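Analysis of the macromolecular model
Residue-level listing of the chains:
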Amino acid sequence: MDHAIRAEGLRKRYGDNQAVDGVDLLVPAGTILGVLGPNGAGKTTTVRMLATLLPPDDGHAVVAGHDVTKDPKAVRAKIGLTGQYAAVDQRLTGRENLYLIGVLHRLGRRAAKARADGMIERFGLAEAADRLSRTYSGGMRRRLDLAASLLADPAVLFLDEPTTGLDPASRNDLWAMIRSEVAGGLTVLLTTQYLEEADQLADRVAVIDKGHVIADGTPDELKRKVGEERLDVTVAHAADAPAVAAALARATTVSPTVTPDGRTVSMTVPGGMLGIPTAMAALGEARVEIVDLAVRRPTLDDVFLALTGGARAMERSAA
Amino acid sequence: MTTVLEDWRALVWRHLLHLRRMPDKLVSATVLPMVFVVLFGVLFGSAISIPNGDYREFIMAGIFTQVMITAVPNTAIGTLEDLGNGLVDRFRSLPMTPSAVLVGRTVGDTALRAVTCVAMTAVGLLIGWRIDSGVGAALAGFGILLLFGFTMAWVGALLGMKVRSPEAAASMPSVLLMPLMFLSSAYIPLGGLPGWLRAIAEWNPISAVAGALRELWGNPAAAGDSFAARNPVPMALLWLALILAVVVPAAVRNYRTAATR
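Residues numbered from 1 in each chain as written. Chains lettered and ligands numbered in written order. Predicted model: local features only at pLDDT ≥ 70, side-chain atom pairs only at ≥ 80, totals over all residues. Heavy atoms only, no water.

1. Quick notes on the packing of helix H1 (residues 2-20) of chain B against helix H6 (residues 100-126) of chain B
Residue and element names in this part refer to chain B. Two elements in contact, H1 and H6, have axes separated by 8 Å at closest approach and are oriented at 45°. Considering the angle they form, H1 stands oblique to H6. The element H1 and its partner H6 pack so that their crossing is right-handed. Residues Asp7, Trp8, Leu11, Val12, His15, Leu16 and Leu19 of H1 touch H6, and the partners they reach there are Ala100, Val101, Val103, Gly104, Arg105, Val107, Gly108, Ala111 and Leu112. Its residues placed into classes, the contact of H1 with H6 shows 11 nonpolar, three polar and two charged. (Axes fitted to C-alpha atoms, helices over the stretch in contact; angles between N-to-C directions. Helix = DSSP H or I, 4+ residues; strand = E, 2+ residues; numbered from the N terminus. Parallel < 35°, antiparallel > 145°, perpendicular 65-115°, else oblique. Left-handed = near helix turned anticlockwise from the far one by under 90°. Contact = heavy atoms within 4.5 Å. Nonpolar A, V, L, I, M, F, W, Y, C, P; charged D, E, K, R; others polar.)

In structure tokens form, the structure reads like this:
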């Protein structure tokens, strides 16, 4: 099968910081690769190298059939890029923004105008098309941004944390748009901090940490590594946490982890929901004051804890 | 080449739209320069006299030159803002000419300076300044003035990419350019300066521009015996061509790498 993106041994260093340290990626045409990782893992740097914005220190990459360092212009003609911040000109209207991108893609003025009008319709921006994009909501600005990225029919689309700062409804809209584009043959590389987003969109996921790909597979394979359901038990006094962890370990043969604040004991539940009563019974016997109890789906934190052997808790506090 | 021109045209179009949508910028680009014309022309003009004519006639070229220099920080800040905006990543991921963003910014800012010149000319004529030459020479004068403004816009664009903070972008150009400004014939005739200082001032590019404007507008000249002082128009064109030849490629090179932080 044809690979729309093929990266081998990409490296980039900023001063003392080895931001990307030998990343290999392989994305078959017409699929979505989710690149999952915390802030500072090297996701954005990787995307910037693949999108020709940043020359790699080492390694090479072929995107849409062209080498990013040897023939960046040919790559640029075939890619779209949507970064973390909506890259629209706030002092231009939506229509003017798209027209400008069309002209700069060398479509010619008349074709750029027609294409801009088409994208306005397709992305549901007709009513706002002639207003300055400064007045747009976050969701509309994102849609305009995506329309700009897709205007020249790219073969490969880079989405760098595309739903950061979006409300759930706008996020779902954006996901639906991305899915329909991929159905039309587009290849997407999506970076995200959210397992759920990768789960919803990606065919395959590469987990990246400290500039390395530490795991890759389908979302289901990754989740199986972590276990399906998670149980979080928050105790009133941090001193009770080890007792709770021990009680749960005895009852379920899974060793729980304690969060950095020392008050929440977290574990996968063997047997899914059916394992909950066993865990509850163990908690009852531990006789400690419990302030919160939650059963939830795995988050990126859990994937990380599992993949890094629980040795390192993520710095990200909001899970 | 036609695609390059098309990219330039598109980015200039973008900047002109910006200007139309920022009326406050038009106000700030015209009010203060008009105040300068009144201040220098009427107040200083009434107190200062020069050997070969009226100071009011003499100083107009100096104020025009000064206003082009004081606009440099605006271009520097604008360029810095352009780079800090996510939009530059988009531009850099397009198959467009890298120079287009800077061409848009510098041509757009020069257009704004042309508006400034119109406002200043109107006030100058009101307070009694006159152009004592033909229409062709007068227009050639404004041509050189705008070419100087365009050159200074490129200097601003380069400085904007060299510094990393808006504060530095606002102050650095003045630190570099104001001494050059004072050590020129923009405000004063150079006859009273000691010999060595006078030589430096006469060969100063700003003196060349101010001198060229005075010659083309038929205003009193700063006088001087050096080749530079006697041939201000060719000297001005030579200087501006030289500065552009250095600054434009440097700015474009900086733009290519500036966003790769």
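2. Focus on the UniProt feature "transmembrane region" (unreviewed entry) in chain B
Residues and elements named next belong to chain B. Within the UniProt annotation, "transmembrane region" (unreviewed entry) is assigned to residues 26-50, 111-131, 137-161, 168-188 and 236-255. Annotated as 88% helix and 0% strand, the span residues 26-50 places its first and last C-alpha atoms 34 Å apart. Measuring from the first to the last C-alpha atom of residues 137-161 gives 36 Å, for a span that is 100% helix and 0% strand. (UniProt positions renumbered as here; feature names shortened; annotations may be inferred.)

3. Examining the sheet that holds strand S11 (residues 230-235) of chain A
Residues and elements named next belong to chain A. One open sheet holds the four strands; their spatial order is S12-S13-S11-S14, and the pairing between them is antiparallel. Both outer strands of the open sheet, strand S12 (257-258) and strand S14 (290-296), are each paired with one neighbouring strand and no more. With two bridges connecting them, S12 and strand S13 (residues 264-268) associate as antiparallel partners. The partner of threonine 257 across the bridge, within S13, is serine 266. Sheet strands in contact with helix H9 (residues 241-252) are S11, S12 and S13, and its direction is about 15° off that of S13. In the packing of helix H10 (residues 276-286) onto the sheet, contacts are made with S11 and S14, and the angle to S14 comes to roughly 165°. (Pairing = 2+ DSSP bridges.)

4. Section: the UniProt feature "domain: ABC transmembrane type-2" (unreviewed entry) in chain B
As recorded in UniProt, the sites labelled "domain: ABC transmembrane type-2" (unreviewed entry) are residues 24-258 of chain B. Its end C-alpha atoms 29 Å apart, residues 24-258 of chain B is made of 78% helix and 0% strand.

5. Quick word on empty space enclosed by the protein
One way to see where empty space is left: roll a probe the size of a water molecule over the atoms. All names here are of chain A. Considering all chains together, one arrives at three cavities of 30 Å³ or more under this definition. Volume-wise, the largest cavity comes out at about 50 Å³. Put simply, the parts of the chain that give the lining of the largest cavity at least two residues each are strand S6 (79-82) and helix H5 (138-150). At three residues, the largest contribution of residues to the lining of the largest cavity is made by S6. (1 Å grid on protein atoms, 1.4 Å probe; cavity = no way out; pocket = protein on both sides within 12 Å on 5 of 7 lines; lining within 4 Å. Points joined across faces, edges and corners; volume = space filled by probe spheres on them.)

6. Comments concerning the sheet that holds strand S8 (residues 187-192) of chain A
All names here are of chain A. The six strands are arranged S6-S7-S8-S3-S9-S10 in an open sheet whose pairing can be described as mixed. Two strands bound the open sheet, and with one partner strand each, they are S6 and strand S10 (212-217). Direction aside, neighbouring strands of the sheet carry axes that sit 15° apart on average. Taken together, the four bridges between strand S3 (residues 32-36) and strand S9 (residues 204-209) define a ladder with parallel strand orientation. What sits directly across from glycine 34, in S9, is valine 205. Strand contacts of helix H1 (residues 43-50): S3, S6, strand S7 (156-160), S8 and S9, with the helix running at about 155° to S8, the strand carrying the most contacts. Along the sheet, H5 makes contact with S6 and S7, crossing S6 at roughly 165°.

7. Digging into the domain arrangement of chain A
As assigned here, chain A comprises domain 1 (3-88 + 136-224) and domain 2 (229-296). Using only C-alpha atoms to locate each centre, domain 1 of chain A and domain 2 of chain A end up separated by 37 Å. (Domains from an automatic or database assignment.)

8. Examining the packing of aromatic side chains
A ring pair, where both rings are aromatic, is described by two values, the distance of the centres and the angle of the planes. All names here are of chain B. Taken as a whole, this structure holds 12 aromatic pairs over all chains when the rule is applied. When the ring of phenylalanine 40 is compared with that of phenylalanine 44, the centres are 4.9 Å apart and the planes differ by 75°; the resulting orientation is edge-to-face. With phenylalanine 40 and phenylalanine 44 both in helix H2 (residues 23-47) and four residues apart, the pair spans about one turn of that helix. Phenylalanine 44 sits in the partly exposed class, given a relative accessible area of 34%. For the pair tryptophan 129 and tryptophan 217, a centre-to-centre distance of 5.4 Å together with 70° between the ring planes defines the contact as edge-to-face. Remark: tryptophan 217 occurs in helix H10 (residues 205-217) and tryptophan 129 occurs in the loop between H6 and helix H7 (135-162); sequence separation between them is 88 residues. Grouping aromatic residues by their ring pairs yields a cluster made of Phe36, Phe40, Phe44, Phe182 and Tyr187. Directly above the aromatic system of phenylalanine 58 lies the positively charged group of arginine 214, at a separation of 3.6 Å from the ring centroid. (Phe/Tyr/Trp six-rings, centres within 6.5 Å; stacked < 30°, edge-to-face > 60°. Buried < 20%, exposed > 50% of the residue type's maximum accessible area, 1.4 Å probe, protein only. Lys NZ or Arg CZ within 6 Å of the ring centre and 35° of its normal.)

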